[in-house]
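What follows is each chain in one-letter form.
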Amino acid sequence: MNLRRFCIFCFIAATGFVLRAPVNAFGPMADALKSALGMDAGLFGLIAGTPLLTFGVFAFLSRGLAGRSLASIAALALSSIIAGALVRSLPYSTAVFAGTVLVSAAIAQLNVILPVVIKTAFADKAQLMTGFLCTMIGISSSLGSVASVPLIEAFDAWQAPFLFWGLAALPALFSAAALVGLQHQTAPASSSASGESMTTSARRPFPWRLGFIFALQATISTVLANWLPAAMAASGASLGEGAALVALFFLATVPGSFAAAFLRSAMRRPGFPVLLFTFFTASVVLIGTTSDPALWRVFAAVAGVAQGIFITLSFTLLQTESRSADEAFRLSSRVQGAGYCLAGLAPAAAAVLIDLFARFAGLGALPGVLGTVALAALLWCILFTRTLHGTKRTR
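This one's a predicted model, so the numbers in the text were calculated from it and none came from an experiment.

1. As for the overall build of the protein
Part 1 of the argument: Along the protein, the regular secondary structure elements total 17 helices and zero strands.
Part 2 of the argument: For a compact globule of 395 residues, the expected C-alpha radius of gyration is about 21 Å, and the protein comes in at 21 Å, within 12% of that figure.
Part 3 of the argument: Overall, the C-alpha framework of the protein stretches about 65 × 50 × 35 Å when taken along its three principal axes.
Part 4 of the argument: Within the protein, residue pairs in contact and separated by at least 24 positions form 83% of the contacts whose partners lie at least 6 positions apart.
Part 5 of the argument: Entry remark: accessible area of the protein is about 16800 Å², with carbon and sulfur atoms responsible for 69%.

2. What to know about the packing of helix H5 (residues 70-88) against helix H8 (residues 160-168)
Part 1 of the argument: Between H5 and H8, the least distance of the axes is 8 Å, while the angle of their chain directions is 165°. For the element pair H5 / H8, the angle class is roughly antiparallel. Both H5 and H8 take part in a crossing whose hand is left-handed. Contact residues: H5 offers Ile81, Ile82, Ala85, Leu86 and Arg88, while H8 offers Phe162, Leu163, Trp165 and Gly166.

3. What to know about the packing of aromatic side chains
Part 1 of the argument: In this structure the tally under the stated criterion is 13 aromatic pairs.
Part 2 of the argument: Ring geometry for Phe280 and Phe310: centres 5.6 Å apart, planes at 70°, overall edge-to-face. Here Phe280, found in helix H13 (residues 271-289), pairs with Phe310, found in helix H14 (residues 293-320); they are 30 residues apart in sequence, far enough to count as distant. This pair shows no difference in class: Phe280 is buried, exactly as Phe310 is.
Part 3 of the argument: An aromatic cluster is defined as three or more aromatic residues linked by ring pairs; in this entry it consists of Phe55, Phe214, Phe315 and Tyr340.

4. Focus: empty space enclosed by the protein
Part 1 of the argument: Scanning the model with the defined rule gives two cavities of 30 Å³ or more in all.
Part 2 of the argument: In this model, the largest cavity occupies a volume close to 60 Å³.
Part 3 of the argument: Where the lining of the largest cavity is concerned, the elements lending two or more residues are helix H11 (208-234), helix H12 (239-260), H13 and H14.
Part 4 of the argument: In the lining of the largest cavity, the residues fall into nine nonpolar, no polar and no charged.

5. Here's the deal with the nonpolar core
Part 1 of the argument: Residues Ile12 and Phe280 are the most contacted members of the largest nonpolar core, which totals 106 residues.
Part 2 of the argument: Apart from residues no more than four positions distant in its own chain, Phe280 is found in contact with Ile220, Phe249, Ala303, Ala306, Phe310, Val373, Ala374 and Ala377.
Part 3 of the argument: The next biggest cluster of nonpolar side chains, apart from the first, holds twelve residues, and it includes Phe26, Met39, Val96 and Phe162.

6. Observations concerning the layout of surface pockets
Part 1 of the argument: By volume, the largest pocket amounts to about 1300 Å³.
Part 2 of the argument: Forming the boundary of the largest pocket are 38 residues, of which Asn24, Ser145, Ala225, Asn226 and Phe250 lie nearest the centre.
Part 3 of the argument: Of all the secondary structure elements, the ones that give two or more residues to the lining of the largest pocket are helix H2 (21-24), helix H4 (41-61), helix H7 (126-155), H11, H12 and H14.
Part 4 of the argument: Class assignment of the residues belonging to the lining of the largest pocket gives a composition of 23 nonpolar, 14 polar and one charged.

7. Overview of the packing of helix H1 (residues 3-17) against H7
Part 1 of the argument: Two elements in contact, H1 and H7, have axes separated by 7 Å at closest approach and are oriented at 30°. What the angle tells us is that H1 and H7 run roughly parallel. In the crossing of H1 with H7, the sense of the turn from one axis to the other is right-handed. Here Phe9, Ile12, Ala13, Gly16 and Phe17 of H1 come into contact with H7, specifically with Met129, Phe132, Leu133, Met136, Ile137, Ile139, Ser140 and Leu143.

The rules behind these values
- Residues numbered from 1 in each chain as written.
- Predicted model: local features only at pLDDT ≥ 70, side-chain atom pairs only at ≥ 80, totals over all residues.
- Heavy atoms only, no water.
- Helix = DSSP H or I, 4+ residues; strand = E, 2+ residues; numbered from the N terminus.
- Rg over C-alpha atoms; globule rule 2.2 N^0.38 Å.
- Contact = heavy atoms within 4.5 Å.
- Areas by Shrake-Rupley, 256 points an atom, 1.4 Å probe, with all protein chains shown as cover.
- Axes fitted to C-alpha atoms, helices over the stretch in contact; angles between N-to-C directions.
- Parallel < 35°, antiparallel > 145°, perpendicular 65-115°, else oblique.
- Left-handed = near helix turned anticlockwise from the far one by under 90°.
- Phe/Tyr/Trp six-rings, centres within 6.5 Å; stacked < 30°, edge-to-face > 60°.
- Buried < 20%, exposed > 50% of the residue type's maximum accessible area, 1.4 Å probe, protein only.
- 1 Å grid on protein atoms, 1.4 Å probe; cavity = no way out; pocket = protein on both sides within 12 Å on 5 of 7 lines; lining within 4 Å.
- Points joined across faces, edges and corners; volume = space filled by probe spheres on them.
- Nonpolar A, V, L, I, M, F, W, Y, C, P; charged D, E, K, R; others polar.
- Core = buried A, V, L, I, M, F, W, Y, C linked by side-chain atoms within 4.5 Å.

Okay, here's the thing in structure tokens:
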């Protein structure tokens, strides 16, 4: 690896480290924000649900940045994360909301360009680097949730998590200089070739299948994070035990994402999605059928590893389904825009499904939550398999 690629690798690592933590840090801050700002549950819930929908909307809008360099997009987005952290630290609930929107919009831009950076700088190691990026995202997700309360207690300030993750974006901002000169637009051989390429791109149908794949993997995380602790409590466990299982689940996505980077040949075998679905579904079903907390932790870890693979393979499709860095940029914008917008509806959809489970099957909240994520995993595996087979036929 030459110096330029090493610097870009450092950028990917540093950016991945802050790609989820600033928004995941918000959830555990409920008591601190209520005490310091008098924030009510309704506003807190509104702010907590904002990032996912913002990811989707601003991923779509990122298509307007297609003419800008990757370095300028990255610098603007990372600067916005830092600015958003400062805005969120002002002693007003409206400032917390506005800062959260700004941070989420910035992360949406980074979500879009990182697969393009990998496609451009590491075309020969795209799946390995995608696995590494998703590993960093998993670490960011876990640390964002776990670190909030200790940071508030250590600095005796409710703003501490916001400011900490704002400062954590500085290394990524400095390392964005490595992207200078890295272009995602492919220079055409001739004007006619360029026109043909643009016409082909314009006529290409919207990648709904990839959008749903992204939505389903995000839905699994969203439903478990929002519903599992309360569902566990309703089934006789403590709220703390449910929250600990969610934290363990997200932590286990890290080795899952890392392992997925080495599954390039296995992922194209017809039985692989079936095996992945079986492991995930068996784990979540067993969480609902056992009362041993030790077994809960084991099954949550196995499900987390499978979810890490779901996430990494979803991002990998942005590489395999695009032929150039420019096409990867447009595909990433459209797919993540559709995926995160659809996933933003997940909490409401989950509430309906859980109610249906309770009304027609006589089941409690916990089987409803676990059944919902198992259904999402099944649909993901079906769509992923169809996408791979479609790719084989066209190529």
